[in-house]
Amino acid sequence: MTILATDLARPDMRALVSYLEHDLQPTIVLDTDYNIVAANTAYQRQFGVEGRPHVGAKCFRVSHQFAVPCDQAGEHCPMRKAHESRLPERVLHIHHTPRGPEHVDVELRPLLDEQGEVVGYVERLNTVTVASAQPQHQGLVGRSAPFKEALGALQRAAPSPIPVLLQGESGTGKELFARALHEGSPRAGGPLVVVDCTGLTETLLESELFGYEKGAFTGALQRKIGLAEAAHGGTLFLDEIGEVPLAMQVKLLRLIESGSFRPVGSLRTVHSDFRLVCATHKPLKDMVAAGSFRQDLFYRISAFPIRLPALRERSDDLPLLIDSLLQRLAPTAVPRIDPSAMKALGLHDWPGNIRELRNVLERARLFTDDGVIRVADLPAELRRETPMVAAQGRRGRNELEQLAHALAVFDGPRSELAKTLGMSERTLYRRLQALEGKG
Ligand SMILES: Nc1ncnc2c1ncn2[C@@H]1O[C@H](COP(=O)(O)OP(=O)(O)OP(=O)(O)O)[C@@H](O)[C@H]1O
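I will try to describe carefully the structure that is included in this document. Not measured: the values here are computed from a predicted model.

Quick look at the pattern of salt bridges
As enumerated under the stated definition, the model contains 22 salt bridges in all. For R109, the salt bridge goes to E107, with nearest N and O atoms at 2.7 Å. Between R179 and E175 there is a salt bridge, with its nearest N and O atoms 3.2 Å apart. A residue pair is termed a helical-turn pair when its members lie 3 or 4 positions apart in one helix, as R179 and E175 do in helix α6 (residues 174-183) at four residues.

Spelled out as structure tokens, the structure:
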């Protein structure tokens, strides 16, 4: 461990530093003037550049490339707070690292002298692996303040068994967050079982969730284990829990409270040990007031609510999300977006959130033939929002030509193509006929 010759190099501090050297977590020691005075090997390995451990440098310069402390640059500074409270502080920051920007969970502990004065700090850094601040082929990406707030909450909840309720509009990434919670938890090695509660009748939900015995009902030709049992040792994710019929809610409550249930047509009680994560886009509290959602169930599932921001609240993330989604849609030839199209995307309200963004990009990719997405490749409602921009649309290529191009490059069933192009299958069929008539 490298130590700078300062006050913190006193014998007692040397003892502390030698202790930290054995920490597998990247750890640094800071003085009260933001100087890094010692860094353990784990830190040097993860954050050092070409063997330079950053000792002697200011923490805000190393981690953020700021010229001033974080709080003066609009970031939350844990040092300022720890100095006042004399207590440990934890905060999620985006740090500049040799691998580019990364989400880092920063834990700062003040070091106090005999008089209780703060003489320095120990900072432990934990790189967040379940989300990325750079374009990524999979998983959660984001770096805006509302995204960081949700991610910070996820980081807090993940290690504990507490039930989490993910609340957000459709397409905001509730399922991805549930996956990240599972992956960040001690149950990551166990199963993640997703149950979509939409459109299921009470009987169907019950047999799906609890399983059934052979002969329990017509069509039950053999015994089937339920999803609650399949989640044993892992996470049970109940998506759209607001859709669960009232009559079924009491059985769900029993399952959550005791971890026990009876498969349909069975006398035996099965026990399953799972961590519960639920999601909804519905206002459950209002539903409780209206009598359509049980209050006791609501309190059971909402011990740790996390609100996922709508895409329009995190428009700073749009370029990063677009880069990531394009990499995912076309990994071998990632299309570019021209500035006017980018502007049009930025002006849209995104009621369907990231799912809508993904569909728009997928559609646009099918319409571009030179690898550059332009305003003309965007759906009409996005073009309408930017009449000026739309007027600059490149080609007079007619709709049938665009369709012919989409057909040539789309690899999948026609029903999917219709969905991607935002038209009904009938409309697609009619246009295809027109195309054939032309050819
Ligand atoms: N932060 C994110 N980074 C990258 N991709 C994301 C992010 N959030 C969502 N997505 C993508 O957006 C799409 C919708 O996400 P997801 O299905 O998780 O949303 P949802 O909130 O569960 O939707 P619904 O309520 O309709 O079930 C998926 O393709 C997902 O991969």
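Regarding empty space enclosed by the protein
Per the stated rule, a full pass over the model turns up one cavity of 30 Å³ or more. Taken as a whole, the largest cavity holds about 140 Å³ of empty space. The set of elements that each furnish at least two residues to the lining of the largest cavity consists of α3 (59-64), α4 (78-85), β4 (89-97) and β5 (100-112). It is α3 that contributes the most residues to the lining of the largest cavity, four residues altogether. Its residues assigned to classes, the lining of the largest cavity comprises 10 nonpolar, four polar and one charged.

Notes on the site of the ligand
The environment of the ligand is formed by 20 residues, the closest being V141, S170, G171, K174 and R355. Between V141 and the ligand, the recorded distance is 2.9 Å, taken from a backbone N or O atom to a nitrogen atom. A distance of 2.8 Å is found between an oxygen atom of the ligand and a side-chain nitrogen or oxygen belonging to R355. For the shell around the ligand, the secondary structure elements donating two or more residues are β8 (140-141), α6, α12 (318-329) and α14 (353-367). Counted by class, the shell around the ligand contains six nonpolar, five polar and nine charged residues. Taken together, domain 2 (140-307) and domain 3 (312-438) each give at least three residues to the shell around the ligand, which thus spans both.

So, the packing of α12 against α14
Remark: α12 packs on α14, axes separated minimally by 10 Å, with the N-to-C direction vectors making an angle of 55°. What the angle tells us is that α12 and α14 run oblique. Considering only the axes of α12 and α14, their crossing is right-handed. Of the residues in α14, those touching α12 at L318, L321, I322, L325, L326 and L329 are I354, L357, R358, L361, E362 and R365. Of the residues that constitute the contact of α12 with α14, the class distribution is nine nonpolar, no polar and three charged.

Overview of the environment of K81
Among the structural elements, K81 can be located in helix α4. Between the alpha carbons of K81 and L108 there is a distance of 9.8 Å; along the sequence they are 27 residues apart. Each residue touching K81, except ones within four places of it in the same chain, is listed here: H76, R86 and E89.

Let's talk about the sheet that holds strand β13 (residues 235-239)
Within the open sheet, the five strands sit side by side as β10-β13-β16-β9-β17. Their pairing is parallel. This sheet does not close on itself; its edge strands, each paired only once, are β10 (192-196) and β17 (304-307). Between one strand and the next, the sheet's axes are offset by a mean angle of 20°, whatever the strand orientation. Note that strand β9 (residues 164-167) and β17 share four bridges and pair parallel. Paired with L165 across the two strands is P305, which belongs to β17. Of the strands in this sheet, β9, β10, β13 and β16 (275-280) touch α6, which is tilted by about 155° from β9.

Description of the nonpolar core
Membership of the largest hydrophobic core comes to 31 residues, with the highest contact counts inside it found for L236, L238, I241, L252, L255, F293 and I301. Breaking this core down by element, the ones donating at least two residues are β10, α7 (202-210), β13, α9 (246-258), β16, α10 (284-290) and α11 (295-301). The greatest single-element share of this core, amounting to five residues, is contributed by α9. When sequence neighbours within four positions are dropped, the list of residues in contact with I301 reads P163, V164, L165, I241, I256, L276, C278, L284 and F293. If you look at the next biggest cluster of nonpolar residues, it comprises 23 residues, including W350, A364, I373 and V375.

The rules behind these values
- Residues numbered from 1 in each chain as written.
- Predicted model: local features only at pLDDT ≥ 70, side-chain atom pairs only at ≥ 80, totals over all residues.
- Heavy atoms only, no water.
- Salt bridge = Lys/Arg side-chain N within 4 Å of Asp/Glu carboxyl O.
- Helix = DSSP H or I, 4+ residues; strand = E, 2+ residues; numbered from the N terminus.
- 1 Å grid on protein atoms, 1.4 Å probe; cavity = no way out; pocket = protein on both sides within 12 Å on 5 of 7 lines; lining within 4 Å.
- Points joined across faces, edges and corners; volume = space filled by probe spheres on them.
- Nonpolar A, V, L, I, M, F, W, Y, C, P; charged D, E, K, R; others polar.
- Near = heavy atom within 4 Å.
- Polar contact = N/O pair within 3.5 Å; in protein donor to acceptor, adjacent residues only side chain to side chain.
- Domains from an automatic or database assignment.
- Axes fitted to C-alpha atoms, helices over the stretch in contact; angles between N-to-C directions.
- Parallel < 35°, antiparallel > 145°, perpendicular 65-115°, else oblique.
- Left-handed = near helix turned anticlockwise from the far one by under 90°.
- Contact = heavy atoms within 4.5 Å.
- Pairing = 2+ DSSP bridges.
- Core = buried A, V, L, I, M, F, W, Y, C linked by side-chain atoms within 4.5 Å.
- Buried < 20%, exposed > 50% of the residue type's maximum accessible area, 1.4 Å probe, protein only.

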